[in-house]
Amino acid sequence: MKPASSSSALRYQEEIGSEFIVLEFDESTRSAAEAAATIGCREEQIAKCIVLRGKTSDTCILAIAPGPSRIDMAKVAAIVGEPVTRPDAAFVRERTGYAIGGVPPIPAERGVTTLVAAALADVSPLWAAAGTPNAVFTLTYEQLCAVTAGREVDILADAP
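Conventions and cut-offs
- Counting restarts for each chain: residues are numbered from 1 in the order of the written sequence.
- Reporting of local features is limited, given that this is a predicted model, to residues whose pLDDT is at least 70; pairs of side-chain atoms are given and counted only at 80 or more, and all residues count toward the totals for whole chains, interfaces and linings.
- In computing side-chain values, all of the structure's heavy atoms are included and hydrogens and water are not.
- Helix numbers and strand numbers start at the N terminus; a helix is a DSSP run of H or I with at least 4 residues, a strand a run of E with at least 2.
- When we talk radius of gyration, it's over C-alpha atoms, and the globule rule is simply 2.2 Å times the number of residues to the 0.38.
- Accessible area is worked out with a 1.4 Å probe on protein chains only. A residue is then buried under 20% of its type maximum, exposed over 50%, and partly exposed in between.
- Aromatic contacts are taken between Phe, Tyr and Trp rings whose centres are within 6.5 Å, Trp giving its six-membered ring; a plane angle under 30 degrees counts as stacked, one over 60 as edge-to-face, and the others as tilted.

This next bit is on the overall build of the protein. Broken down by element type, the protein carries five helices and nine strands. Computed over the C-alpha atoms, the radius of gyration of the protein is 14 Å, within 12% of the 15 Å expected from 2.2 N^0.38 for a compact globule of 160 residues. With the C-alpha coordinates aligned to their principal axes, the bounding extent of the protein is approximately 40 × 35 × 25 Å. Buried residues in the protein amount to 49% of all 160 residues.

Tracing the chain through its elements places A36 in helix α2 (residues 32-39). Taking the relative accessible area as the measure of exposure, A36 reaches 6% and is therefore buried. Here the alpha-carbon distance between A36 and V84, two residues 48 residues apart in the chain, equals 28 Å.

Next up on the list: the packing of aromatic side chains. Under the definition given, this model contains three aromatic pairs. An angle of 50 degrees between the planes, with centres 5.5 Å apart, marks the rings of Y12 and F137 as tilted. Pair noted here: Y12 is in helix α1 (residues 7-16) and F137 is in strand β8 (residues 135-139), with a separation of 125 residues, a long-range link. We note that Y12, like F137, is buried. An aromatic cluster is defined as three or more aromatic residues linked by ring pairs; in this entry it consists of Y12, F20, Y98 and F137.

Attention shifts here to the environment of V51. Structurally, the position occupied by V51 is in strand β3 (residues 47-54). Residue classification places V51 among the buried positions, given a relative accessible area of 8%. Between the C-alpha atoms of V51 and A32, which are 19 residues apart in sequence, the distance is 15 Å.

And the structure:
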């Protein structure tokens, strides 16, 4: 682990401010399982960021959930008031400024609709992507909601 040095991680560090410290690893943190193994934490501590697209409005929606959980697309659609879909990589980069696998919690002023799984409130500390597939930072649930202006909602699929 080392301080951020890549351009995307440094850009995100600047975006979120000095309250948080972006760290980079030689190993991948692209998936929740990889991030947990690399960081040395539980997978539940990974605040994974999934980008969705409103089918009618073309809105960018960021769903943030515990690492091992699945997002329920019907619940998200009901919350945002329109069907949603998984966008292509170009949409993700254009709307968030980051590539899939490194999308961080987007600061509120960027205009992304953010939904935060209420289940994350019971986990501390949280780890989230920070702009690249091997950069992360740590924060609390309260900080996550504040940075993103995210709505605390039930967006998780029921366990099988």
